[in-house]
Amino acid sequence: MTAMAPARAEPDLSFLLDHTSHVLRTRMAAALGEIGLTARMHCVLVHALAEERTQIQLAELGDMDKTTMVVTVDALEQAGLAQRQPSSTDRRARIVAVTKEGARMARRSQRVVDRVHQEALAALPAQERKAFLHALERLTTGHLAEPVEAPRPVRRARQRES
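Remember, it's a predicted structure, so these values are computed and weren't measured experimentally.

Peer 1: If you had to explain the UniProt feature "domain: HTH marR-type" (unreviewed entry) in the protein to someone new, which residues and values would you point to?
Peer 2: According to UniProt, the feature "domain: HTH marR-type" (unreviewed entry) maps to residues 10-141 in the numbering used here. Helix and strand shares over residues 10-141 are 69% and 8% respectively, and the end C-alpha atoms of the span are 22 Å apart.

Written out as structure tokens, the structure reads:
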């Protein structure tokens, strides 16, 4: 006996958002990789330039765990793009300070990020683009602003290895 799949009343929003997000991240990783950065490195540089921030604050902004943050800042230091320095407001804390080369790279990487976003949105007519972005902004500040507690952590499906 063959099981009958339930009829869909709506498009699979989870798949649509997850798939487009995954593909956008892969395109972003490839584009930033061309200039020697990762998306995490870009995120840290941009947020550290905005104001004096500790590694913990930057990790929260970039949705990174502590280990990932340490590895990211290590890579930025090795590349001469950032340095760990004592905070000017709390001598117990250390901040991530962006070097002059790091600031130059942050401007360059921001142009790359903007271009990747523009290329993705160019697939939509201008009127749809505006409505799409407005709808996403409303979702991320409204109903889908915060995750809910789940009995088990939600994990991303394993990706096929190449």
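Peer 1: Can you lay out the packing of helix 1 (residues 13-33) against helix 5 (residues 100-121) for me, pointing to particular residues and giving the numbers?
Peer 2: One way to put it is that helix 1 packs onto helix 5 with a least axis distance of 10 Å and a crossing angle of 145°. Pair helix 1 / helix 5 crosses with right-handed handedness. Where helix 1 abuts helix 5, its residues Leu 24, Arg 27, Met 28, Ala 31 and Leu 32 lie against Ser 109, Val 112, Val 113, Arg 115, Val 116, His 117 and Ala 120. Grouping the constituent residues of the contact of helix 1 with helix 5 by class yields 8 nonpolar, 2 polar and 2 charged.

Peer 1: Break down helix 4 (residues 66-78) for me, citing the residues and quoting the values.
Peer 2: When the terminal C-alpha atoms of helix 4 are compared, their 18 Å separation across 13 residues agrees well with the 18 Å that a helix rising 1.5 Å per residue should span. Within helix 4, burial applies to Thr 68, Met 69, Thr 72, Val 73 and Leu 76. Seen from one end, helix 4 has its buried residues packed into an arc of 130°, which puts them on one side. Away from its buried face by more than 90 degrees, helix 4 exposes Thr 67, Val 71 and Gln 78. Looking at the buried positions of helix 4, the neighbouring elements they touch are helix 2 (39-50), helix 3 (55-61), strand 1 (82-86) and strand 2 (94-98). The N-cap of helix 4, judged by a side-chain oxygen 3.1 Å from the amide nitrogen of Thr 67 a few residues on, is Asp 65. Immediately downstream of helix 4, the backbone of Gly 80 shows phi near 75°, a positive value.

Peer 1: Go over the environment of Ala 145, please, and point to the residues and values.
Peer 2: Along the chain, the position of Ala 145 falls in the segment after helix 6 (126-141). With residues up to four places along the chain from it excluded, the contact list for Ala 145 reads Leu 139 and Thr 140.

Peer 1: Hey, could you go over the nonpolar core for me, with residue numbers and the actual values?
Peer 2: Of all hydrophobic cores here, the largest spans 25 residues; its most connected members are Leu 37, Val 44, Leu 45, Met 69, Leu 76 and Val 96. When residues of this core are traced back to their parent elements, those giving at least two are helix 1, helix 2, helix 3, helix 4, strand 2 and helix 5. With 6 residues, the single largest contributor to this core is helix 5.

Peer 1: Please give an account of unusual backbone geometry that cites residues and values.
Peer 2: Glycine aside, residues mostly have negative phi angles, and peptide bonds mostly take the trans form. In the Ramachandran plot, Asp 63 falls in the positive-phi region, its phi being about 55° despite a non-glycine side chain. One can find Asp 63 in the loop between helix 3 and helix 4. According to the relative accessible area criterion, Asp 63 is exposed, its value standing at 74%.

Peer 1: Outline a nonpolar patch on the surface, supporting the account with residue identities and numerical values.
Peer 2: Taken together, the side chains of Leu 13, Leu 17, Leu 139 and Leu 144 define a hydrophobic patch exposed on the protein surface, amounting to about 320 Å² of accessible area. Mapped onto the elements of the fold, Leu 144 is located in the segment after helix 6.

Calculation rules
Residues numbered from 1 in each chain as written. Predicted model: local features only at pLDDT ≥ 70, side-chain atom pairs only at ≥ 80, totals over all residues. Heavy atoms only, no water. UniProt positions renumbered as here; feature names shortened; annotations may be inferred. Helix = DSSP H or I, 4+ residues; strand = E, 2+ residues; numbered from the N terminus. Axes fitted to C-alpha atoms, helices over the stretch in contact; angles between N-to-C directions. Left-handed = near helix turned anticlockwise from the far one by under 90°. Contact = heavy atoms within 4.5 Å. Nonpolar A, V, L, I, M, F, W, Y, C, P; charged D, E, K, R; others polar. Expected span 1.5 Å × (residues − 1). Buried < 20%, exposed > 50% of the residue type's maximum accessible area, 1.4 Å probe, protein only. Arc of directions from axis to C-beta. Polar contact = N/O pair within 3.5 Å; in protein donor to acceptor, adjacent residues only side chain to side chain. Core = buried A, V, L, I, M, F, W, Y, C linked by side-chain atoms within 4.5 Å. Patch = residues over 30% accessible without salt bridge, like charges linked within 9 Å, V, L, I, M, F, W, Y side chains within 5 Å. Areas by Shrake-Rupley, 256 points an atom, 1.4 Å probe, with all protein chains shown as cover. Salt bridge = Lys/Arg side-chain N within 4 Å of Asp/Glu carboxyl O.

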